[in-house]
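Take a look at the letters that make up each chain.
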Amino acid sequence: MSLQVENLTVYYQTLRGDVQALESATFTVADGEIMGLAGESGCGKTTLAHSLIRLTPPMRFVEGRVELDDEELPVWDMERMNDFRFKKISIIPQYAMNAMNPTRKIGKMTSELLESRKVDFKATLPELKRRLNLVELSHDVLNMYPIELSGGMKQRMVMVLSTLMNPSLLIADEVTSALDVSSQKAVVEMLVGFRDRGFVKSLIVITHDISILYQIADSIMIMYAGQLAEKASTEVIIHAPRHPYTKLLIASLPKVGVKYSEKRLTGIPGSPPLLLDPPIGCRFRERCPVAFEKCLDVPPFIEIEKDHFVACWKEFEKNAQA
Amino acid sequence: MRRYFGRKLLIYILTFFLAVTIDWLIPRFMPGNPVQTMLSRAALRAEAVEVMYGYYTRAFGLDVPIWQQYLNFWNALFHGDLGTSVYMFPQPVTKVIMRAVPYDIFLLLPAILLSWYAGNHFGAFAARTKWLDNTILPVGYILTATPYMWLGILLAWVFGIVLGVFPIAGAYSFALRPHLSWTFIRSVLHHWFLPFASLFLVMFGGWAIGMRNMIIYELEADYSHYLEALGAPRRLVRKYAFRNAILPQITGLALQLGVIAAGALVTEVVFSYPGIGYLILAAIQNQDYFLIQGCFLFIIIGVLLANFAIDIAYVIVDPRTRLGMTGEAA
Ligand SMILES: Nc1ncnc2c1ncn2[C@@H]1O[C@H](COP(=O)(O)OP(=O)(O)OP(=O)(O)O)[C@@H](O)[C@H]1O
Ligand code: SF4
Ligand SMILES: [Mg+2]
């Protein structure tokens, strides 16, 4: 198992109280797996990503355990995490367009970053250039400042940079949302290429755009309001979802299999609850068409079939009857 | 690049032209008559006054039509002639100003440069260092918030009068004539210290607080977070943040340097230090319009030069401006 997360709970501390943005997340990502992570805006996808790599205030680690390649990640310890960052776990942040220092040439920045991590830049340079070729960037970018690059180029540069140390796990947060459709496709295919070449072992791809996940993900995990709702293989999530939220979400999309990249996760009546004071029990309760009294308790995230996890009381009942 | 500087240069020339015109207008539209003022102090007989009045009006070039005066003014300006001082008649204004300038530079240049360097480094260091942030920074706030006049007088009083370790007037001992000797140099440094220290303290506080706030802002920028996410050590993250935070501080520095031309009015008054600031006060008190005009002109040139220096400095340190110059964005 590449990544194993247990009961990970992370809140944002604010003056008005804790924003409960990630509640008891328990899931695994296997070696070589590309896991898509989807859910409405504000459901906690970025929070989950940052919890795994850079947990800083106002984020507060409440509880949980994270293991990567059978080693525990001290996610709550900014300093100790440094040993793992970049080399074992890495991220393409949601803000990749502004991720590079505006006043340093990209090559210079890369070399300073590598040297600071005790990696020999000279020795790494040939590999860096090879990877620039792979993402179709000219070697000249190393002599440029970030503003000299287009959005797509910056995105690819950050992709190369983040994966340069061959991390076990790469989290790609909304790598496509700022790009036009054709560059989206290219970037996504490059990500898969990176996995296939072994630059990264496993991937978590965060997006609103399920059509992209349909193209590349082995599995999809759905979040709702800080809680995990469902995780299963891509085929199962798209064609045989079990969680009421996933069902509505998939149904709200145009026909499966055709392009629906423009469609976002909307079209479900009601809006997600505020995470400052979320409802008790299943947070989807208020919008759920099949909610019943049991839903006042938090449903656990349980494997109801092989590799198919769901957090829904209704589905547990059905499963028990079957 | 050429177009960028060409356009900038045009703006500077226009600004200079306008500022000089306003500068020329000031004495002519001010109440009172400088020649009259000067003569009234001489307490001459009435007929003598009339003769003298005619003589001085011609000497100052006030007897020709106003447009002619304006043209003459520009013409004289290009010959480095700013007229004759009334207050120090018959010395030329240029000479009076040039005598004051070295004191300004000697006082302000070290104060500005050292406080800038020390303040920025200290501010950057203090940012996010809890105990410093909680102890020394409040002191910085107090320093910058203190009316400078008050601080200057306090220093003069404590060190000059109570402790008596530093003199509080003049640029060197009144008993000495300027010459090159250790005694004289010691006297100059001795007189220089208090005005310097007061300026340094106040400016240091300002730079330190500015830098601290800038760094905190930069440490929350996306590029800082990305470096952290890739495990860059604190030292590198801060180094990058400093590099970006220093940009606005460079602007501040250049503006301050431009103001050297104006002297440090309050300091020079409090410590009777004979720089431009002191001169301006004397010129105003004596209604010496030509001297005021000369001082202002000098300040205009200083500020414009400083601004030009900022433009060039930015092109060197900030790639974003460099690129903007090729596009239309600039
Ligand atoms: N710095 C913060 N302080 C307080 N609350 C925050 C902060 N950052 C995020 N939140 C809250 O945490 C919740 C989850 O945010 P997060 O950014 O993880 O969502 P997301 O799923 O990544 O959304 P998006 O798809 O828009 O990127 C949101 O309700 C948000 O309001
Ligand atoms: S647990 Fe209850 S409220 Fe939540 S999705 Fe299932 S049925 Fe709906
Ligand atoms: Mg996000």
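Residues numbered from 1 in each chain as written. Chains lettered and ligands numbered in written order. Predicted model: local features only at pLDDT ≥ 70, side-chain atom pairs only at ≥ 80, totals over all residues. Heavy atoms only, no water.

Observations regarding the overall build of chain A
The number of helices and strands found in chain A is 10 helices and 12 strands. For 322 residues, the compact-globule estimate of 2.2 N^0.38 gives 20 Å, and chain A sits close to it at 20 Å. Among the 322 residues that make up chain A, the fraction classed as buried is 57%. Contacts spanning at least 24 positions in sequence make up 64% of the contacts within chain A whose residues lie at least 6 apart. A total accessible area of about 13,300 Å² is found for chain A, and carbon and sulfur atoms account for 51% of it. Of the side-chain charges in chain A, 38 are positive and 41 negative, and the distance between the mean point of each set is 4 Å. (Helix = DSSP H or I, 4+ residues; strand = E, 2+ residues; numbered from the N terminus. Rg over C-alpha atoms; globule rule 2.2 N^0.38 Å. Buried < 20%, exposed > 50% of the residue type's maximum accessible area, 1.4 Å probe, protein only. Contact = heavy atoms within 4.5 Å. Areas by Shrake-Rupley, 256 points an atom, 1.4 Å probe, with all protein chains shown as cover. Lys, Arg positive; Asp, Glu negative; His and termini not counted. Charge placed at Lys NZ, Arg CZ, Asp CG, Glu CD.)

Quick look at the interface of chain B and chain A
Listed per partner, the contact involves 22 residues of chain B and 30 residues of chain A. Carbon and sulfur atoms supply 60% of the area that chain B and chain A bury against each other, a total of about 2,400 Å² over both sides. Among the residues of chain B in contact with chain A, Tyr226, Leu230 and Tyr240 of chain B are the three that bury the most area, contributing 28% of the side total. Between chain B and chain A we count 2 salt bridges in total. Among the salt bridges present, the one from glutamate 228 of chain B reaches arginine 54 of chain A, with a minimum N-O distance of 2.8 Å. (Buried area = accessible area lost by both parts, 1.4 Å probe. Salt bridge = Lys/Arg side-chain N within 4 Å of Asp/Glu carboxyl O.)

Points about the confidence of the model for chain A
On average, chain A scores 90 in pLDDT, and the residues at 70 or more come to 95%. Every residue in residues 256–265 of chain A is under pLDDT 50, and counting partners more than four places away or in other chains gives 28 contacts. (pLDDT = per-residue confidence, 0-100.)

So, empty space enclosed by the protein
Any space left empty among the atoms is revealed by the rolling of a water-sized probe across them. All names here are of chain A. Throughout the structure, instances matching the rule amount to 3 cavities of 30 Å³ or more. Approximately 60 Å³ is the volume found for the second largest cavity. Pro244, Cys282, Arg285, Cys288, Val290, Cys295, Pro299, Cys312, Trp313 and Lys314 together form the lining of the second largest cavity. Within the lining of the second largest cavity, the residues separate by chemical class into 8 nonpolar, no polar and 2 charged. (1 Å grid on protein atoms, 1.4 Å probe; cavity = no way out; pocket = protein on both sides within 12 Å on 5 of 7 lines; lining within 4 Å. Points joined across faces, edges and corners; volume = space filled by probe spheres on them. Nonpolar A, V, L, I, M, F, W, Y, C, P; charged D, E, K, R; others polar.)

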